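Structural features, examined
These are the residues of each chain, in order.
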Amino acid sequence: MGLIKPRLGEIDVLGENPWKNSGINSKIGFCPDYDSLPLDSTGHDYLKLIASLHGVKDREFRVSEVTKTVEMSKDSSRKIGGYSKGMKQRIKIASALIPHPEMLILDEPLAGTDPLVRRKLIELIESLHKDSGYNIIVSSHILREVERMTREIVLFYKGRAIASGNISEIRALINKHPHNIVIKGRGTKELAKGLLDESYVISVRLIDDGISVEVNDPDGFFTSIPNILANMKVSIDEMYSLDDSLDAVFEYLVEG
Amino acid sequence: MMVNLKGWLALVFFLSRRTLVNKKIFIVAAFALILSAIVTYFTFAGETTPGIEDVADLLDIFVMTFFLLFIPMIYGSSILRSDIEDNSIITIMTSPLDRRLIFFGYLVSLYFSVIVVMLVLTSVGPLTLFALVGIPTGAIDVYLKACVLVIIGSIVYSTLYLTVSLITKRAIYFGLFYAFIWEGFISFIPGGIGNFTIRHYIRSIRSSWIEHGGFAIYEGAEVEFSFLVLTTITLILIALGTFLIYKKEIE
């Protein structure tokens, strides 16, 4: 996006050098990973600002089009401060769609969302590619998320590409190692009892505000967890894998 | 350079609205109330009815000496820096607007916001006085000239703090040093150090324009030279700010 000057090597985005080249930004839709939305603006007003910045001609029409695409038509007139995390993510994706970009860059689009919202956002991203024809680059440190969206990945560590290709081959290496997953929220003690019956669970440990689950089949765990949570009526605030960071991946891939 | 005037104006409008309509506005309202109360008190507690000299002194003490230093500092050191710190500037930087235009967008919205706030604060005292005792002869002229001076000062100080905020995260500390130590203390050391302050040239213009109040006897530079210095400082700071934002990496 031309925000950082390359220290080494060269980079071309859509055939152009992005550094000091603001013109290229009209071809790229960018969804940042942080929440810096103007909380006192409505989603609609924010998107109109983005449309103005990108020089979109029929702003009202385009805003209504993208809010429909991300299923935010009903809520776009509400103030962003009252949005849920998932709604904020949708508005950010909508803002990336505003300029009719040739390429979409989504930086951690699922960060901080609960499993149900994640599933919906993944469906949205898939639909943007399959139905609307967008070329999408998703940046994520959770490989599992990426796997549900694409098969081809490039793995970066400290600014260097350390692996690229089919995600299954890379994941297969990682899956040989047990994963520790932290779940925080209400009713996690009951959840712990339920999880112990699952074949992929090695152990469950109680921690502050939740549990830490060691699993030997992360795929099986993440596939079944939404149903388990729904059946047990457990409300969780946060869930993350301690072994999904790039550091861990790097260790798996490079340091053995 | 890509010029998208509508986009640039939308940015200016968005930034101005955000700068003016937030919690800081309550601080400004509180200052305005205090000024109004002070004027009311002196009007009724004084032995003589306030006149044009009092209007000039009121503007000198509160507006020129205090608000003109601090309001641009508070707004100027934060409007762009806080966006860099919380990464919200990336939304703007990843638009097709040229970075130099983005800097001008921040600059113009800062000018607008600071001038609006400063004119409110400049007007509260005199208008309260006019409402209580009527308009002393020549007071409107003093008031209008003070407004023009406030606009000039707002532009120069705002440019200074906005540009400094691109150099350091702690632009507010620079501002406090500049206001308290440099302009408030070191500039009074004999030997002409005072000439190296923005205040010196604003006071020079003030003493030439307004022949009332204590600051009327200030021995400063010629008006034309003062304008030249203030314009030069502003243009250099704008050029520096434009250069800095053009080269700046946003991480």
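Bear in mind that the values here come from a model prediction, so they are computed numbers and not experimental data.

1. Concerning the overall build of chain A
- Across its full length, chain A holds 9 helices and 9 strands.
- Considering only C-alpha atoms, chain A reaches an extent of 60 × 45 × 30 Å along its principal axes.
- Across chain A, the fraction of contacts at a sequence separation of at least 24, relative to all contacts at a separation of at least 6, is 64%.

2. Quick notes on the overall build of chain B
- Helix and strand counts for chain B stand at 10 helices and 0 strands.
- In terms of C-alpha radius of gyration, chain B reaches 19 Å, essentially the compact-globule figure of 18 Å for 251 residues.
- Principal-axis analysis of the C-alpha atoms gives chain B an extent of 60 × 40 × 30 Å.
- Counting only contacts in chain B whose residues sit at least 6 apart along the sequence, the fraction spanning at least 24 positions is 82%.

3. Things to note about the nonpolar core
- Counting residues in hydrophobic clusters, the biggest one holds 101 residues, and the most contacted among them are Ala94 and Leu106 of chain A together with Val55, Val63, Tyr106 and Met118 of chain B.
- Leave out the neighbours within four places in its chain, and Met118 of chain B touches Phe67, Leu68, Ile71, Val150 and Ser154 of chain B.
- In this structure, Leu195, Val215, Phe222 and Ile225 of chain A belong to the second largest nonpolar core, which totals 11 residues.

4. Looking at the packing of helix α3 (residues 52-76) of chain B against helix α7 (residues 139-167) of chain B
Residue and element names in this part refer to chain B.
- Put simply, α3 and α7 touch, their axes get as near as 8 Å, and they point 20° apart. Considering their axes alone, α3 and α7 lie roughly parallel with respect to each other. The hand of the α3/α7 crossing is right-handed. Residues Ile52, Val55, Ala56, Leu59, Val63, Leu68, Leu69, Pro72, Met73, Tyr75 and Gly76 of α3 touch α7, and the partners they reach there are Ala139, Val142, Tyr143, Ala146, Val150, Gly153, Ser154, Tyr157, Ser158, Tyr161, Leu162 and Ser165.
- Along the lines of polarity and charge, the residues of the contact of α3 with α7 split into 18 nonpolar, 5 polar and no charged.

5. Considering the sheet that holds strand β1 (residues 28-31) of chain A
Residue and element names in this part refer to chain A.
- Pairing in this open sheet of 3 strands is parallel, and the strands run β1-β2-β3 from one edge to the other. Each edge of the open sheet is held by one strand with a lone partner, namely β1 and β3 (135-139). For this sheet, the mean angle separating the axes of adjacent strands, direction not counted, is 15°.
- Seen against the sheet, helix α3 (residues 85-97) touches β1 and β2 (103-107) and runs at an angle of roughly 165° to β1.
- Relative to the sheet, helix α4 (residues 115-130) contacts β2 and β3, its axis offset from that of β3 by approximately 150°.

6. Here's the deal with the confidence of the model for chain A
- Per-residue pLDDT for chain A has a mean of 82; in total, 92% of the residues score no lower than 70.
- Per-element confidence in chain A ranges from a low mean pLDDT of 57 for helix α9 (residues 246-255) of chain A to a high of 91 for helix α1 (residues 43-53) of chain A.

7. A word on the sheet that holds strand β7 (residues 201-207) of chain A
Residues and elements named next belong to chain A.
- Judged by pairing direction, the sheet is antiparallel, and its 4 strands sit side by side in the order β7-β8-β6-β9 without closing on themselves. Looking at which strands have only one partner, the edges of the open sheet turn out to be β7 and β9 (235-241). Between one strand and the next, the sheet's axes are offset by a mean angle of 20°, whatever the strand orientation.
- Examined bridge by bridge, strand β6 (residues 179-186) and β9 share 6 bridges and lie antiparallel to one another. Bridging across to β9, Gly185 finds its partner in Ile236.

8. Let's talk about the pairing of β7 of chain A
Residue and element names in this part refer to chain A.
- Summarising the sheet, β7 and strand β8 (residues 210-215) pair through 6 bridges and their orientation is antiparallel. Paired with Arg205 across the bridge in β8 is Ser212.
- Remark: 2 residues form the turn of the hairpin made by β7 and β8, two consecutive strands paired antiparallel; Asp209 in that turn has positive phi of roughly 65°.

9. A word on helix α9 (residues 198-209) of chain B
- A rise of 1.5 Å per residue sets the reference length of α9 of chain B, with its 12 residues, at 16 Å; its end C-alpha atoms lie 17 Å apart and thus fit the reference within 8%.
- Here the buried face of α9 of chain B lies against α3, α7, α8 (171-183) and α10 (223-247) of chain B.

10. Remarks on unusual backbone geometry
- Not every positive phi belongs to a glycine, and Leu14 of chain A is a case in point at roughly 50°.
- Tracing the chain through its elements places Leu14 of chain A in the segment before β1.

11. Side note on the interface of chain A and chain B
- Listed by partner, the interface residues are 19 residues for chain A and 25 residues for chain B.
- The biggest single contributor to the side of chain A that touches chain B is α1 of chain A, with 3 residues.
- The class makeup of the residues in the side of chain A that touches chain B is 9 nonpolar, 8 polar and 2 charged.

12. Describing the confidence of the model for chain B
- Of the residues in chain B, 96% reach a pLDDT of 70 or more, and the chain-wide mean stands at 85.
- When pLDDT is averaged over each helix and strand of chain B, the minimum, 77, is found for helix α2 (residues 24-45) of chain B and the maximum, 93, for α10 of chain B.

13. Thoughts on the environment of Ile228 of chain A
- Turning to its location among the elements, Ile228 of chain A is positioned in helix α8 (residues 218-232).
- Under the C-beta neighbour-count criterion, Ile228 of chain A is labelled partly exposed, with 15 such atoms within 10 Å.

14. Some points on the packing of α7 of chain B against α8 of chain B
All names here are of chain B.
- Where α7 meets α8, the closest approach of the two axes is 8 Å, and the angle between their N-to-C directions is 135°. Here α8 runs oblique to α7, going by the angle between their axes. As for the relative orientation of α7 and α8, their crossing is right-handed in sense. Taken together, the residues of α8 that come into contact with α7 (itself represented by Tyr161, Val164 and Ser165) are Ala171, Phe174 and Gly175.
- For the contact of α7 with α8, a count of residues per class yields 4 nonpolar, 2 polar and no charged.

15. Notes on the environment of Gly214 of chain B
Residues and elements named next belong to chain B.
- Mapping Gly214 onto the fold places it in the loop between α9 and α10.
- In the structure, Gly214 is positioned 104 residues away from Leu110 in sequence and 31 Å away in space, judged by C-alpha atoms.
- Residues within four places of Gly214 in sequence aside, it is in contact with Asp57 and Asp60.

Reading guide: rules and limits
Residues numbered from 1 in each chain as written. Chains lettered and ligands numbered in written order. Predicted model: local features only at pLDDT ≥ 70, side-chain atom pairs only at ≥ 80, totals over all residues. Helix = DSSP H or I, 4+ residues; strand = E, 2+ residues; numbered from the N terminus. Contact = placed C-beta atoms within 7 Å. Rg over C-alpha atoms; globule rule 2.2 N^0.38 Å. Core = buried A, V, L, I, M, F, W, Y, C linked by C-beta atoms within 7 Å. Buried ≥ 20, exposed ≤ 12 C-beta atoms within 10 Å, placed from the backbone. Axes fitted to C-alpha atoms, helices over the stretch in contact; angles between N-to-C directions. Parallel < 35°, antiparallel > 145°, perpendicular 65-115°, else oblique. Left-handed = near helix turned anticlockwise from the far one by under 90°. Nonpolar A, V, L, I, M, F, W, Y, C, P; charged D, E, K, R; others polar. Pairing = 2+ DSSP bridges. pLDDT = per-residue confidence, 0-100. Expected span 1.5 Å × (residues − 1).

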